[in-house]
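Residue-level structural notes
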Amino acid sequence: PLGGKVREFLGQDEISFFLFPFRIKSSINEVTTRHILWPLYMRTSGKGVYRFRLFPFYMQSRLRDNYVKRSVMWPFYSQAEFFYPEASGFGYIVFPLWGHIKLTAEETWMVIPPLFRGTRTDQLTSMYLPYPFFQYSSGKVEKLYFFPIWGEKTRQGSSSSFFLWPIFDWLTVNKGDEVFRRFNALPLWYSHE
């Protein structure tokens, strides 16, 4: 209980500790993490990875040139910046009030997340007002749900619908040379062809 060092344990190359949870150090490959009064203070660095936590007041995570994520008074304020070529941009959530994400090809607004959300991309527009009771999308996926009363969803090659979910539901999948159909009327009937 006073201290020690363990190798090849819990997925780590090495774990050393002194008066757990007062001080812990672990490493895997070339990434080292140090904890003091776990889980309050943590710092990780090495091989393009940097993480810092002074829980719950401030947290930061950085992975190479891919992203930077921060949180202040978690979970009340969180933000992220993404630097991927196909999806760069930023996002934040002021929990439980609202959030906004703006990426290269996508924009999402949230109010009282996750209940109310609207997303627009090049191929899809979707809304949840509130989730899961009303769901709508158009574009690549055509969807209209009044959950659990009735719903219908269509995308390339398949369509599904339900009535009084989970009692009645239908599914059709078209693979070109063959068509798969399923129907459920729980608990009395199940058919597929």
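Here is a short report on the structure shown in this document. All of these numbers come straight from a predicted model, not from anything done at the bench. Per-chain numbering applies: the sequence of each chain, read as written, is numbered from 1 onward. Owing to the predicted nature of the model, reporting of local features is limited to residues with pLDDT of at least 70; listing and counting of side-chain atom pairs is limited to 80 or more, with chain, interface and lining totals taken over all residues. Note that the side-chain values use all heavy atoms of the structure and ignore hydrogens as well as water.

1. A few points about the overall build of the chain
Definition in use: Only DSSP runs of H or I reaching four residues or more are called helices, and only runs of E reaching two or more are called strands; each is numbered from the N terminus. This radius of gyration counts C-alpha atoms alone. The globule rule is 2.2 Å times how many residues there are, raised to the power 0.38. Burial status follows relative accessibility: with a 1.4 Å probe on protein chains alone, a residue under 20% of its type maximum counts as buried, one over 50% as exposed, and anything between as partly exposed. When checking whether two residues touch, look at their non-hydrogen atoms; a contact exists if any pair is within 4.5 Å.
Helices and strands together make up the secondary structure of the chain, namely zero helices and 21 strands. The globule rule puts the C-alpha radius of gyration for 193 residues at 16 Å, and the 24 Å found for the chain is more than 25% above it. The principal-axis extent of the C-alpha atoms belonging to the chain is close to 65 × 35 × 30 Å. Relative to its 193 residues, the chain shows a buried fraction of 24%. In the chain, of all internal contacts separated by at least 6 residues, the share reaching a separation of at least 24 is 0%.

2. A short note on the environment of E142
Rules: What qualifies as a polar contact is a pair of N or O atoms within 3.5 Å, subject to a donor-acceptor requirement within protein and to the restriction that residues adjacent in sequence count only when both atoms come from side chains.
Along the chain, E142 turns up in strand β16 (residues 141-146). Residue classification places E142 among the partly exposed positions, given a relative accessible area of 41%. Separated by 17 residues in sequence, E142 and S159 have C-alpha atoms that sit 9.3 Å apart. E142 has contacts with S137, E152, K153 and T154, leaving out every residue within four places of it along the chain. Separated by 3.0 Å, the side chain of E142 and the backbone nitrogen of G139 make a polar contact.

3. A short note on a nonpolar patch on the surface
Which entries qualify depends on this criterion: Surface patches are drawn from residues lacking salt bridges whose relative accessible area is over 30%; two like charges belong together within 9 Å, two nonpolar side chains (Val, Leu, Ile, Met, Phe, Trp, Tyr) within 5 Å. In this description, accessible areas are obtained by the Shrake-Rupley approach with a 1.4 Å probe, and a residue is regarded as covered only by the protein chains that are shown. A pairing counts as a salt bridge when a side-chain nitrogen of Lys or Arg comes within 4 Å of a carboxyl oxygen of Asp or Glu.
On the surface, L2, F18, L19, F22, I36, L37, L40, F55 and W74 cluster together into a nonpolar patch covering about 830 Å² of accessible area. The topology assignment puts L40 in the loop between β4 (31-36) and β5 (41-46).

4. Description of the side chain of T44
Positionally, T44 belongs in strand β5. A relative accessible area of 0% places T44 in the buried class. Side-chain polar atoms of T44 contact the side chain of T33, separated by 2.8 Å. In this structure T44 touches V31, T32, T33, V49, Y50 and R51, once residues within four positions along its chain are discounted.

5. Some points on the packing of aromatic side chains
Rules: By convention, a stacked pair of Phe, Tyr or Trp rings (six-membered ring in the case of Trp) has centres within 6.5 Å and planes under 30 degrees apart, an edge-to-face pair has planes over 60 apart, and any other such pair is tilted.
As enumerated under the stated definition, the model contains 13 aromatic pairs in all. Judged by centre distance (6.3 Å) and plane angle (45°), the ring pair of F52 and Y58 falls under tilted. Under the relative-accessibility criterion, Y58 is labelled partly exposed at 28%. Relative to W165, the ring of F147 has its centre 5.3 Å away and its plane inclined at 45°; by these criteria the two rings are tilted.

6. Here's the deal with the pattern of salt bridges
Evaluation of the coordinates by the stated rule reveals five salt bridges. Note that E14 and R7 form a salt bridge whose closest N and O atoms lie 2.5 Å from each other. A salt bridge links R181 to E193; its shortest N-O distance comes to 3.9 Å. Taken together, the residues span a long stretch of sequence, with R181 in strand β20 (residues 179-185) and E193 in the segment after β21 (189-192) at a distance of 12 residues. Relative accessible area serves as the criterion here: at 40%, R181 is assigned to the partly exposed category. In the salt-bridge network here, residues are joined through shared partners; they are K5, R7 and E14.

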